[in-house]
Amino acid sequence: MHIALFQPDIAQNTGTILRLCACLGLSAHIIEPAGFPFSDRLFRRAGMDYLNHVSVTRHDSWPKFEEWRAAQGCRLLLFTTKGATDYRDFGYQTSDILLFGRESAGVTDMVVEAADARLVIPIAPGLRSLNVAMTAAMAAGEALRQVRNQPV
């Protein structure tokens, strides 16, 4: 399973998500451009020494990521506040890519259209959104719970 971040804005969130990937054995993908230098000290601080234990692939652009995804044959699951399906009601597969948009602007229409599913984590009415690192942890937890007994 993979976690992909579309043009992330905040180094600390990205570092936290990379730490999550390391601890859960997930591959991580950064779709450039990011809103910070990849070597930013805050980014390293959030990921701590866990960054040495995660497989991170950086994609120069959305088209390059899509080329990679097509070659792998993975489904793209977009987590968005505008999602159509509750993330708990979706059936995950071990090869899925869990995609999260940039903190400031989400994803582009092209990314929305490319997604195989648009999933939402329901929150209380009147509130805008969860932190992206929290969302990634919740999504990964549910996806891994579902696939834990599936053959690899």
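About the thresholds
- Residues numbered from 1 in each chain as written.
- Predicted model: local features only at pLDDT ≥ 70, side-chain atom pairs only at ≥ 80, totals over all residues.
- Heavy atoms only, no water.
- UniProt positions renumbered as here; feature names shortened; annotations may be inferred.
- 1 Å grid on protein atoms, 1.4 Å probe; cavity = no way out; pocket = protein on both sides within 12 Å on 5 of 7 lines; lining within 4 Å.
- Contact = heavy atoms within 4.5 Å.
- Buried < 20%, exposed > 50% of the residue type's maximum accessible area, 1.4 Å probe, protein only.
- Disulfide = S-S within 2.5 Å.
- Points joined across faces, edges and corners; volume = space filled by probe spheres on them.
- Helix = DSSP H or I, 4+ residues; strand = E, 2+ residues; numbered from the N terminus.
- Core = buried A, V, L, I, M, F, W, Y, C linked by side-chain atoms within 4.5 Å.
- Pairing = 2+ DSSP bridges.
- Axes fitted to C-alpha atoms, helices over the stretch in contact; angles between N-to-C directions.

The name recorded for the protein chain in an unreviewed UniProt entry is tRNA (cytidine(34)-2'-O)-methyltransferase, from Bradyrhizobium hipponense. Quoted verbatim from the Sequence similarities (unreviewed entry) heading of the UniProt record, the comment on the protein chain is "Belongs to the class IV-like SAM-binding methyltransferase superfamily. RNA methyltransferase TrmH family. TrmL subfamily."

J.: For this particular structure, what's the right way to read the UniProt feature "binding site: S-adenosyl-L-methionine" (unreviewed entry) in the protein chain?
T.: Annotation from UniProt places "binding site: S-adenosyl-L-methionine" (unreviewed entry) at Gly-101, Ile-121 and Ser-129. Taken together, the annotated residues stretch across 29 residues yet fold into one region, lying no more than 13.9 Å apart by C-alpha. Lining residues of the largest cavity drawn from the annotated set just named are Gly-101. Other than its neighbours up to four places away in sequence, Ile-121 contacts Phe-79, Tyr-87, Leu-130, Thr-135, Met-138 and Ala-139. Using a relative accessible area of 44% as the deciding quantity, one classes Ser-129 as partly exposed.

J.: Is there a simple way to think about the state of the cysteines in this case?
T.: What we call a disulfide is simply a covalent bond connecting the sulfur atoms of a pair of cysteines. According to the stated counting rule, one finds 0 disulfides in the structure shown. Left without a disulfide partner, Cys-21 is nearest to the cysteine sulfur of Cys-23, which lies 9.6 Å away. Among the residues examined, Cys-21 registers a relative accessible area of 1% and is labelled buried. Note on Cys-74: no disulfide assigned, nearest cysteine sulfur contributed by Cys-21 at a separation of 14 Å. In this structure Cys-74 comes out as buried when scored by relative accessible area, which is 9%.

J.: Would you mind showing me how to read empty space enclosed by the protein here?
T.: If a probe as big as a water molecule is rolled over the atoms, it shows which places are left empty. According to the stated counting rule, one finds 1 cavity of 30 Å³ or more in the structure shown. Taken as a whole, the largest cavity encloses approximately 40 Å³ of empty space. Forming the boundary of the largest cavity are Leu-5, Phe-6, Pro-8, Thr-14, Ile-17, Phe-100, Gly-101, Arg-102, Glu-103 and Val-132. Looking at the lining of the largest cavity, the elements that each hand over two or more residues are strand S1 (2–6) and helix H1 (11–24).

J.: Teacher, can you tell me more about the nonpolar core here?
T.: Generally speaking, a soluble globular protein has its nonpolar side chains buried in company with each other. Counting 30 residues, the largest nonpolar core has Ile-3, Phe-79, Tyr-92, Leu-98 and Phe-100 as its most contacted members. Counting residues per element, the ones that place at least two in this core are S1, H1, strand S2 (27–31), strand S4 (76–79), strand S6 (97–100), strand S7 (117–120) and helix H5 (132–147). In terms of residue count, H5 provides more of this core than any other element does, 7 residues in total. Residue contacts for Ile-3: discarding those within four places in its chain leaves Ile-17, Leu-20, Cys-21, Leu-26, Ser-27, Ala-28, His-29, Leu-98, Phe-100, Ala-136 and Ala-140. Judged by nonpolar contacts, the second largest core, of 15 residues, contains Phe-6, Cys-74, Leu-78 and Ile-97.

J.: Help me out: how do you make sense of the sheet that holds S2 in this one?
T.: Strand order in the open sheet made by the 7 strands is S3-S2-S1-S6-S4-S7-S5, with parallel pairing throughout. Whereas interior strands pair on both sides, the edge strands pair on one side only; in this sheet they are strand S3 (56–59) and strand S5 (85–86). In this sheet, S2 lies alongside S1 in parallel orientation, the contact comprising 5 bridges. The residue of S2 that forms the bridge with Leu-5 is Ile-30. On the sheet, H5 packs against S1, S4 and S6 and is oriented at approximately 160° with respect to S6.

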